[in-house]
Amino acid sequence: KLKYSFWSNIKFMMGRMWQWDRKSTILSFLRAPFLVVIPLLGLLLSRTVVSFVGSGIDMRDITKTILLLCAATAACMVILNYLSGKNRRVEFINSFKYQGIIFNALMTHDYEYNESPKGLSDVAKALMNCGSDESGARKAIETLSSFAGNVIGLVSYAAIIYTLHPLILVTICVTTFSSYFIAKRTTAWNHKNKDHWIPIDRKREYLENISKDLAPAKDIRLYNMSGWFKLLFADVHNQRKLWQKREEKYGLGIDALCLLLSLVRDGIAFGLLVFLMYRKDMPVADYVLYFGIIGGFNAWFDGMVNNLYWFDRMNTGFNEMREYLDHKNESNTGPGVPVPDDSFSIELRNVSYTFPGTDREIISDLNLKIRKGEKIAVVGLNGAGKTTIAKLICGLY
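Reading the values: the criteria
Sequence order as written defines the numbering, with residues in each chain counted from 1. Residues qualify for local features only when their pLDDT is at least 70, as the model is predicted, and side-chain atom pairs are given and counted only at 80 or more; totals for whole chains, interfaces and linings, by contrast, use all residues. Neither water nor hydrogens contribute to the side-chain values; these are computed over all heavy atoms in the structure. Note on aromatic pairs: the rings of Phe, Tyr and Trp (six-membered ring only in Trp) are paired at centre separations within 6.5 Å, and the planes decide the class, stacked below 30 degrees, edge-to-face beyond 60, tilted for the rest. Numbering of helices and strands runs from the N terminus; a helix is a DSSP stretch of H or I covering at least four residues, while a strand is a stretch of E covering at least two. The buried label applies to any residue whose accessible area, calculated with a 1.4 Å probe on protein chains only, is under 20% of its type's maximum; exposed applies above 50%, and partly exposed to all values in between. Our definition puts a charge over a ring when NZ of Lys or CZ of Arg is within 6 Å of the ring centre and also within 35 degrees of the ring normal. By definition in these notes, contact holds between two residues if any of their heavy atoms fall within 4.5 Å. Counted as a polar contact is a pair of N or O atoms within 3.5 Å, where, for protein atoms, one must be capable of donating a hydrogen and the other of accepting one, and residues adjacent in sequence contribute only when both atoms are in side chains.

Next up on the list: the packing of aromatic side chains. Scanning the entire structure with this criterion turns up 18 aromatic pairs. Centre to centre, the rings of Tyr 98 and Phe 318 are 5.4 Å apart; their planes meet at 80°, and the pair counts as edge-to-face. Residue Tyr 98 is located in helix H4 (residues 59-108), and its partner Phe 318 is located in helix H11 (residues 284-325); the two are separated by 220 residues in the primary sequence. Judged by its relative accessible area of 2%, Tyr 98 is buried. Here a set of aromatic residues connected by ring pairs shows up, and it is made of Phe 6, Trp 7, Phe 147 and Phe 311. For Arg 16, the ring lying beneath its charged end belongs to Phe 12, and the centroid distance is 3.8 Å. In this structure, Arg 246 packs its charged tip against the face of Trp 243, placed 4.5 Å from the ring centre.

Moving on: the environment of Glu 142. As for its position among the elements, Glu 142 is in helix H7 (residues 136-164). Residue Glu 142 is classed as partly exposed on the basis of its relative accessible area, which comes to 25%. It is 8.8 Å that separates the C-alpha atoms of Glu 142 and Phe 29, two residues lying 113 residues apart in sequence. Apart from the residues within four sequence positions on either side, Glu 142 is in contact with Arg 31, Asn 87 and Glu 91.

Let's shift gears to the side chain of Asn 307. Mapped onto the elements of the fold, Asn 307 is located in helix H11. In this structure the side chain of Asn 307 is engaged in a polar contact, spanning 3.4 Å, whose partner is the backbone nitrogen of Phe 147. At 2.5 Å, the side chain of Asn 307 and the side chain of Asn 150 are in polar contact. In contact with Asn 307, other than residues within four places in its own chain, are Thr 143, Ser 146, Phe 147 and Asn 150.

Set out below in structure tokens:
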């Protein structure tokens, strides 16, 4: 179960967009009516041209009407491109701002949490929500503004289709909403299984960085580790590829069901349109208009389903990001005490330490005293606790 509701995340997103760039946020939502008007003008142009053919109307009047419609379409497209530019501005501002918020949290969260497997997975999931073109933070404004356009398009086109035949409207609505609820399962599957492949991604990224770093190259060649390194990388790569295959296989089944519903929807809708044209002697110009309206209505509905899918992904992503930001720190990050001027020492008395989530004591009942000016060496095997002792002394743990 997600910690934050969809509406809580919408409020969270909109509040920050408004805070960071009010003007561009407003202009981004003004895209919506132009997204509807431009294709509608194109349909009217097609219907007008067909109706003029063989009508005997003066050629000058035909030319004037066509030029007027073309000019209106061109003007709307210029405005839409300008508003889309503002939209992209908001996308990048959101992405960079959220990354800054996460990096600031990374600097202030408990060092112990940041180094733990859970902390590493949490920050990776948080950054996934804002670091790419397909991330929720970047897609938020585009999804919200296009959703507003899809709603306007749906309502206006639905009113036209209803006057033609209500069954066409019902068929499109039922099949498209069914597709949405089927497609929604993909997001649920990804959220459920994401914790399986994020640790693998971290390992793969670490190995890729090591393979390009000159510092360990000497050791790799000196100890003849290249073969072992290749086997290790291949094993991690195969683990990730296995999960990717599972994800693609699941998505393929979902896509096949959605495609089948789309085929049923288009078959019934366009079949009824052809039937009405022959049965009611519908004019060719009206047929062209209704054909475009039905196709456009399908596109608006598909766009809305895509918006709902992205809302679902955004909701999941912002939950993961906000849960990371909500992590409760336990370290003492206050001003501390002043360093004494006179001679002093650092002493550990009966110190034991266990990593969170485990039962094994890395350090057990340790006593250690370091006097001023003294130089000591801590020696031990890998995993014996040398670094842990240093971090305890420094207060990082």
